[in-house]
Amino acid sequence: MAGWLLRRIGQIIPTLLILSFGIFALQQLMPGDPALILAGEDRGDPVVLAQIRAELMLDRPMWEQYLHWLSRVLVGDFGFSWRIREPVGALILDKLPVTAQLATMSFIIGVVIGVPAGVMSAVWKDKPADWGINAIALFGISMPNFWLGIMMILLFSVQLGWLPPSGYVPLWEDPVQSLATTIMPAFVLGTGVASVLMRHTRAAMLGALTQDYVRTARAKGVAERTVIARHALRNALVPVVTLGTIEFGRLLAGAVLTEQIFSIPGFGKLVVDAVFNRDYPVVQGVVLATALIFVALSLLADILYMLINPRLRNA
Amino acid sequence: MSVAAQSPARRALSTFFRHRLAVFGLVVVAVFVLAAILAPWISPADPLQTSWTAIRRPPSAQYWFGTDENGRDVLSRVLWGARASLMAGIIAVGGAVLIGVPIGLVAGLAGGWIDAIISRIADAMLAVPFLILAIALAAFLGPALENAMLAIAISASPVFVRLARGMAQDAASSDWAEAARAMGNPPWRIALRHVLPNIAPPLLVQATLSIAEAIIAEASLSFLGLGQQPPSPSWGSMLNSAQRFIESAPWLAIFPGLAIFLLVLALNLVGDGLRDALDPRSQKR
């Protein structure tokens, strides 16, 4: 297990290096001179421009800039926001709990709806219930989540007046109000997760239900409920757990638009605002942080897969 | 309750059901394509024509989908918006295929360090969620529909690299590729004549599903202001401005979103149908 883990981490390192270079290289695509953007009103002053270029190492060759940037990133220094004049790392850490709350709530909604729906759909394969669940899942996958968000605001905030259309209250300040402001965006994001998990659970359950141990259990006279819950589902959940971990990472991306619609001051709003303010260090920092979280979650998925699959645990 | 006990009639019915759904999807996609092509002739009004006397009119016999905050006809804008969406979807995915497939074929057939480098780059790109990568690329390239398409094409390409690489590896180790090699065919000829036709069906399935994803991505980027620039009509940017009038003019948000949803749903139905029809391994058990 330890050896496997080390090998797996060894595979991640080149990926992360390439990724870091790609994210660094993004700024080469940028139209215009960053020094001109930063100088603002002093853009006509060559002394100021030279000073900014020297500070940002823009006058050095690209590989030198990259190595400098990487050495800073490795010690947790993601640079300085051009607009807000704060360290990018601090900005990200500040916004991350908001998105984490949203992602966790969405994930719970996704699992609570998606997994039972997948089990029902597999058990009632090719019956009307299966068709119905599949149709809803297809709707969930095809629905652009920002449109679903707008439609929910239209229904629950404008028409019915049940929920606030936007805003955010931290969980520790007022839990009830916090849930009221995040339940709609969490549902919007959760439906996508539920649809994906439903499809995977269904496929895994259909596979498990044809296994010999299920037939044996049935032949022994084990109640059908027990066969489904204890024998089939437990085994079917192995791939679903790992996929669920990856889905959790994808919630971070989904949060970008959802946070925008519901005016939730999280990670997604940070990157969108940064894009509009041409605050490139923040954009780079957010992309890098997302990728790191995503890679960490994939590693976690692999470890979970090892832990819950007894055949691999001792291998 | 048994899965194995499935009468032939029932199986035929379920195949028929899925088949019908795929055909339905294809018809809907065709309607959208026609709408996009014929937009200049079938639009009731000029999509850019503002009118100060017809601002935010609800849907009526004259304005089927109502009018927007500048008095423009929403139906005409939705029809013209189909152009931006479909063009973005098809061109972006076409680009992703053109970038991804040759690179994937090279990786799969060459193996060794070439494969290792290409695979690590694809891994690195796949580590950034699709939409975040597209947003970052579009942000650095600057806001324009062409840049959004380029950003989506680049973001979607690693999926095709992986697919083509895996299929090329499978194909290269098959008996017929072995036979072709034994007859003295050069590697590029094996790739083009023997491997490519065999990987075409799964590529077609993936491309269809990717177009659906690309259309959502284009709408998302335009919604954020990184795609089609106003006043040119695009479903995403229409939804963006509709948000401000959600209380007084909800139809502004309903119709463009419904268009995205229907087109993406139809593409997913076609993709699922194609998968069932073309790939025997993925037949629903």
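Just so it is clear, the model here is predicted, and its values are computed rather than measured. (Residues numbered from 1 in each chain as written. Chains lettered and ligands numbered in written order. Predicted model: local features only at pLDDT ≥ 70, side-chain atom pairs only at ≥ 80, totals over all residues. Heavy atoms only, no water.)

Along the backbone of chain A there are 13 helices and zero strands. The helix and strand sequence of chain A, counted from the amino end, reads α-α-α-α-α-α-α-α-α-α-α-α-α. Projected onto its principal axes, the C-alpha positions of chain A cover 85 × 60 × 35 Å. In chain A, the proportion of contacts linking residues at least 24 apart, taken out of those at least 6 apart, comes to 71%. By element, 65% of the accessible surface of chain A is carried by carbon and sulfur atoms, the whole surface being about 15,100 Å². (Helix = DSSP H or I, 4+ residues; strand = E, 2+ residues; numbered from the N terminus. Contact = heavy atoms within 4.5 Å. Areas by Shrake-Rupley, 256 points an atom, 1.4 Å probe, with all protein chains shown as cover.)

Turning our eyes to something else, we now look at the interface of chain B and chain A. Tallying the contact residues gives 49 residues for chain B and 54 residues for chain A. Roughly 4,700 Å² is buried in total at the junction of chain B and chain A, and carbon and sulfur atoms are behind 78% of that figure. Between chain B and chain A we count one salt bridge in total. A:R199 is the partner of B:D272 in a salt bridge, and the nearest nitrogen-oxygen pair spans 3.0 Å. Linking chain B to chain A there are four residue pairs in polar contact (both at pLDDT 80 or more). (Buried area = accessible area lost by both parts, 1.4 Å probe. Salt bridge = Lys/Arg side-chain N within 4 Å of Asp/Glu carboxyl O. Polar contact = N/O pair within 3.5 Å; in protein donor to acceptor, adjacent residues only side chain to side chain.)

This next bit is on unusual backbone geometry. All names here are of chain A. Positive phi is not limited to glycine here, since D126 has a value of about 65 degrees. Positionally, D126 belongs in the loop between α5 (88-123) and α6 (128-142). Overall, the relative accessible area of 2% leaves D126 in the buried class. Phi is positive for S263, which is not a glycine, with a value near 50 degrees. With respect to the helices and strands, S263 occurs in the loop between α10 (224-261) and α11 (267-276). Its relative accessible area of 35% is what places S263 among the partly exposed residues. (Buried < 20%, exposed > 50% of the residue type's maximum accessible area, 1.4 Å probe, protein only.)

Before going further, it helps to examine the pattern of salt bridges. Pairing between side chains of opposite charge can happen when the charged atoms of each approach one another. Under the counting rule described, the total for this entry stands at 11 salt bridges over all chains. Each of B:R120, B:D123 and B:R162 takes part in salt bridges that share partners, so that together they form one network.

Position of A:K125 relative to the elements: it lies in the loop between α5 and α6. Of the polar contacts made by the side chain of A:K125, one reaches the side chain of A:D126; its length is 2.9 Å.

As a further point, take the confidence of the model for chain B. All names here are of chain B. Summarising the model, chain B shows a mean pLDDT of 82, and 91% of its residues fall at 70 or more. Element-level mean pLDDT values for chain B span from 78 in helix α6 (residues 175-182) up to 90 in helix α2 (residues 74-110). The ipTM value of the predicted complex is 0.83, and its pTM value is 0.85. (pLDDT = per-residue confidence, 0-100.)

Attention shifts here to the environment of B:S222. Residues and elements named next belong to chain B. Tracing the chain through its elements places S222 in helix α7 (residues 187-224). Residue class for S222 comes out buried when judged on its relative accessible area of 1%. Put simply, S222 and A151 are 71 residues apart on the chain and 12 Å apart in space, counted from C-alpha to C-alpha. Here S222 is in contact with G227, Q228, S234, G236 and S237, once residues within four sequence places are set aside.

Here we take up the environment of B:A191. Residues and elements named next belong to chain B. In this fold, A191 is placed in helix α7. Given a relative accessible area of 10%, A191 falls into the buried group. Residues A191 and H19, 172 residues apart in the sequence, show an inter-C-alpha distance of 33 Å. In this view, A191 contacts L109 and L196; residues no more than four positions away in its chain are not counted.

All names here are of chain A. Relative to the helices and strands, T245 resides in helix α10. Residue classification places T245 among the buried residues on the basis of a relative accessible area of 9%. In this structure the C-alpha to C-alpha distance between T245 and L292, which are 47 residues apart in sequence, comes to 14 Å. If sequence neighbours within four positions are ignored, T245 has contacts with L297, L300, A301 and L304.

Our focus in this paragraph is helix α4 (residues 130-141) of chain B. All names here are of chain B. Taking 1.5 Å of rise per residue, the 12 residues of α4 would be expected to cover 16 Å, and the 16 Å separating its terminal C-alpha atoms lies within 8% of that figure. Burial analysis of α4 places 11 of its 12 residues in the buried class, the great majority of the element. Count one or two residues on from α4 and you reach G142, which has phi positive near 105 degrees. (Expected span 1.5 Å × (residues − 1).)

Judged by side-chain polarity, B:V33, B:L34, B:I37, B:L38, B:W41 and B:I42 come together as a nonpolar surface patch covering roughly 590 Å² of accessible area. Mapped onto the secondary structure, B:V33 falls in helix α1 (residues 8-42). (Patch = residues over 30% accessible without salt bridge, like charges linked within 9 Å, V, L, I, M, F, W, Y side chains within 5 Å.)

What follows deals with the packing of α2(B) against helix α3 (residues 112-126) of chain B. Residue and element names in this part refer to chain B. At a closest axis distance of 7 Å, the pairing of α2 and α3 adopts a crossing angle of 140 degrees. Classified by the angle their axes make, α2 and α3 are oblique. For the pair α2 and α3, the crossing hand works out as left-handed. Residues I103, V106, A107 and A110 of α2 form the contact with α3, whose own contacting residues are G112, I114, D115 and I118. In the contact of α2 with α3, the residues fall into six nonpolar, one polar and one charged. (Axes fitted to C-alpha atoms, helices over the stretch in contact; angles between N-to-C directions. Parallel < 35°, antiparallel > 145°, perpendicular 65-115°, else oblique. Left-handed = near helix turned anticlockwise from the far one by under 90°. Nonpolar A, V, L, I, M, F, W, Y, C, P; charged D, E, K, R; others polar.)

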